[in-house]
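Remarks on the overall topology
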Amino acid sequence: MKQLKLALMGFGNVGQAFGEMLLDKHEEIQNKYGRDVAVTVIATATKGNIYNEEGINLRRVLEDVKETGRFDARMTTDMDHDRLIREADYDCLMELSPLNIETGQPATDHLIGAITRGKHGITANKGPVAWHFRKLRDMAEENRVGFFYETVVMDGTPVFNLVEHTLKMVRVTQVTGILNSTTNFILEELEKGCDMDDIMARGRAMGFIEADPAMDIEGYDAAGKITALLNVLMDAGITPDQVERKGIEDITVEDIADAKARGKVIKLLCRGTRDEQGNVIATVGPEEIPRDHMLASMNSTTSVVSITTDLMKTVSVVEHEPEIMQTAYGVFSDMLRVMELEG
């Protein structure tokens, strides 16, 4: 049976959840697609690197990481990331490494290295799509390989696939959404009267608030996501530093109470539209929304994106309180697209 060989760049929560999903669906994939899937490369910054051209024992690796936080030294290789990308045997590289929102690197270079070799590229890291989308898209077309990125916004929710495969021949004219679940959670809890320290502690315990939450609170994560959306859906050709960005760092309990008294709620909104010259303008910032508006009903860690088009008016997609499995599914669905592309 023909194999699809995968190289995983990163093996954090998403990579491990993807590994569990791949093991769970392994037989089903074989039956449906007539192909086997093997992970031949796992490269990380802290756990070590593994390379086995015949296929890594994924179940054992997952057990080792769960027990020790690292790979068994007897399985690791001294090949570094660059050499693995250049020389290892794989068909598709999955970029699952931590985000660098300031440059999109080294994730972008990882994908370039793979695509240049004629390998498919999948990214769950929004950096490459936010900073270098056109270059990666065009390189993939030139090399006749797939470049997929469903996970970079709203986890595994099919936003990009929706427009590409279902809303065919539409022209996207505007994108609006609540794309950062952390700030949505914080604002809602503040409205309930909860203490900020308690909110942050509960969010960290639940796994979606980082030790340093500045990227979320100051709007950087949201700026990266709206940039990625606009680059793909509106061919914007912009980068996150071109987004007019304001986070929720200056929102006070008094601001929230005042809005509530006037029948409104504060949300961190992302917007993208075209100006009179046809340029795409992107903004991120807190806004007051009437309580009876659909966006006001997005609670807890729920996210939403509304896509306005010329032929279908506005279509909205909601992701309700996602967990890590949804993110892993986004990567998994992109892998299935690679298999369908190859036929």
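Preceding block: the structure.
It should be emphasised that the depicted structure is a prediction, and the values quoted were computed from it without experimental measurement.

1. Looking at the side chain of D155
Its location among the elements puts D155 in the loop between β6 (147-148) and α6 (159-166). Here D155 occupies a buried position and makes no salt bridge, while the nearest side chain of opposite charge, K225, is found at 6.4 Å. Discounting chain neighbours no more than four positions away, the residues touching D155 are E150, E319, P322, Q326, T327 and G330.

2. Overview of unusual backbone geometry
P106 follows Q105 through a cis peptide bond whose omega is 0°. In this model, M169 sits at a positive phi of 70°, which is unusual for a non-glycine residue. Here M169 lies in the loop between α6 and β7 (172-178). Judged by its relative accessible area of 78%, M169 is exposed.

3. Looking at the sheet that holds strand β5 (residues 120-123)
Within a sheet, each strand pairs with its neighbour through backbone hydrogen bonds, oriented either parallel or antiparallel. Read from one edge to the other, the open sheet built from six strands follows the order β3-β2-β1-β4-β5-β6, with strand pairing classed as mixed. At either margin of the open sheet sits one strand with a lone partner, and together these are β3 (49-51) and β6. Examined bridge by bridge, strand β2 (residues 36-43) and β3 share three bridges and lie antiparallel to one another. Along β3, the bridge assignment pairs I42 with I50.

4. Quick word on the environment of Y329
Within the fold, Y329 resides in helix α12 (residues 324-342). Given a relative accessible area of 41%, Y329 falls into the partly exposed group. Between the C-alpha atoms of Y329 and A17, which are 312 residues apart in sequence, the distance is 8.6 Å. Filtering out sequence-adjacent residues up to four positions away, Y329 remains in contact with M21 and G156.

5. Observations regarding helix α5 (residues 126-142)
H132 marks where α5 bends most, by close to 100°. On its buried face, α5 is in contact with α4 (107-116), β5, β6 and α10 (220-233). The backbone nitrogen of G127 has a side-chain oxygen 2.9 Å away, supplied by the residue at the start of α5, namely N125. With its phi angle positive at about 55°, R144 sits one or two positions after the end of α5.

6. Some details on the sheet that holds strand β8 (residues 244-245)
The six strands lie next to each other as β8-β10-β9-β7-β11-β12, forming an open sheet whose pairing is mixed. Both outer strands of the open sheet, β8 and β12 (314-319), are each paired with one neighbouring strand and no more. Relative to strand β10 (residues 280-290), β8 runs parallel, the two sharing two bridges. Paired with E244 across the bridge in β10 is T283. The strands touched by helix α7 (residues 181-191) are β7, β9 (264-274) and β11 (303-309); relative to β9, the strand with the most contacts, the crossing angle is about 155°.

7. Details of the nonpolar core
Soluble, globular proteins show a tendency: their nonpolar side chains are buried together. Within the largest apolar cluster, 67 residues are counted, with the highest numbers of intra-cluster contacts made by V175, I186, I226, L229, L230, L233 and V305. Per-element accounting of this core gives the leading share, seven residues, to α10. Once residues lying within four places of it in the same chain are set aside, the contact partners of I186 are M196, I199, M200, I209, I217 and I248. The next biggest cluster of nonpolar side chains, apart from the first, holds 33 residues, and it includes L6, V61, L96 and V331.

8. Structural notes on the packing of aromatic side chains
The final tally for this structure, using the stated rule, is six aromatic pairs. A ring pair is formed by Y149 and F160, whose centres lie 5.2 Å apart and whose planes are at 80°; its orientation type is edge-to-face. Within this pair, whereas Y149 is found in the loop between β6 and α6, its partner F160 is found in helix α6, the two being separated by 11 residues in sequence. Assessed through its relative accessible area of 4%, F160 is described here as buried. What links up through ring pairs into an aromatic cluster is the set F133, F147, Y149 and F160. The ring of Y33 carries the charged tip of K32 above its face, separated from the ring centre by 5.8 Å. Residue placement shows K119 over the ring face of Y90; its charged tip is 5.8 Å from the ring centre.

9. Some points on the environment of W131
The residue W131 is located in helix α5 in this model. Considering only alpha carbons, one finds W131 and I178, 47 residues apart in sequence, at a separation of 21 Å. The contact partners of W131, leaving out residues within four places of it in the chain, are I101, E102, T103, G104, T239, P240 and D241. Within the structure, the side chain of W131 is placed 2.7 Å from the backbone oxygen of I101, a separation counted as a polar contact.

Conventions adopted
- Residues numbered from 1 in each chain as written.
- Predicted model: local features only at pLDDT ≥ 70, side-chain atom pairs only at ≥ 80, totals over all residues.
- Heavy atoms only, no water.
- Helix = DSSP H or I, 4+ residues; strand = E, 2+ residues; numbered from the N terminus.
- Buried < 20%, exposed > 50% of the residue type's maximum accessible area, 1.4 Å probe, protein only.
- Lys, Arg positive; Asp, Glu negative; His and termini not counted.
- Salt bridge = Lys/Arg side-chain N within 4 Å of Asp/Glu carboxyl O.
- Contact = heavy atoms within 4.5 Å.
- Pairing = 2+ DSSP bridges.
- Bend = angle between axes of the 7 residues up to and from the residue.
- Polar contact = N/O pair within 3.5 Å; in protein donor to acceptor, adjacent residues only side chain to side chain.
- Axes fitted to C-alpha atoms, helices over the stretch in contact; angles between N-to-C directions.
- Core = buried A, V, L, I, M, F, W, Y, C linked by side-chain atoms within 4.5 Å.
- Phe/Tyr/Trp six-rings, centres within 6.5 Å; stacked < 30°, edge-to-face > 60°.
- Lys NZ or Arg CZ within 6 Å of the ring centre and 35° of its normal.

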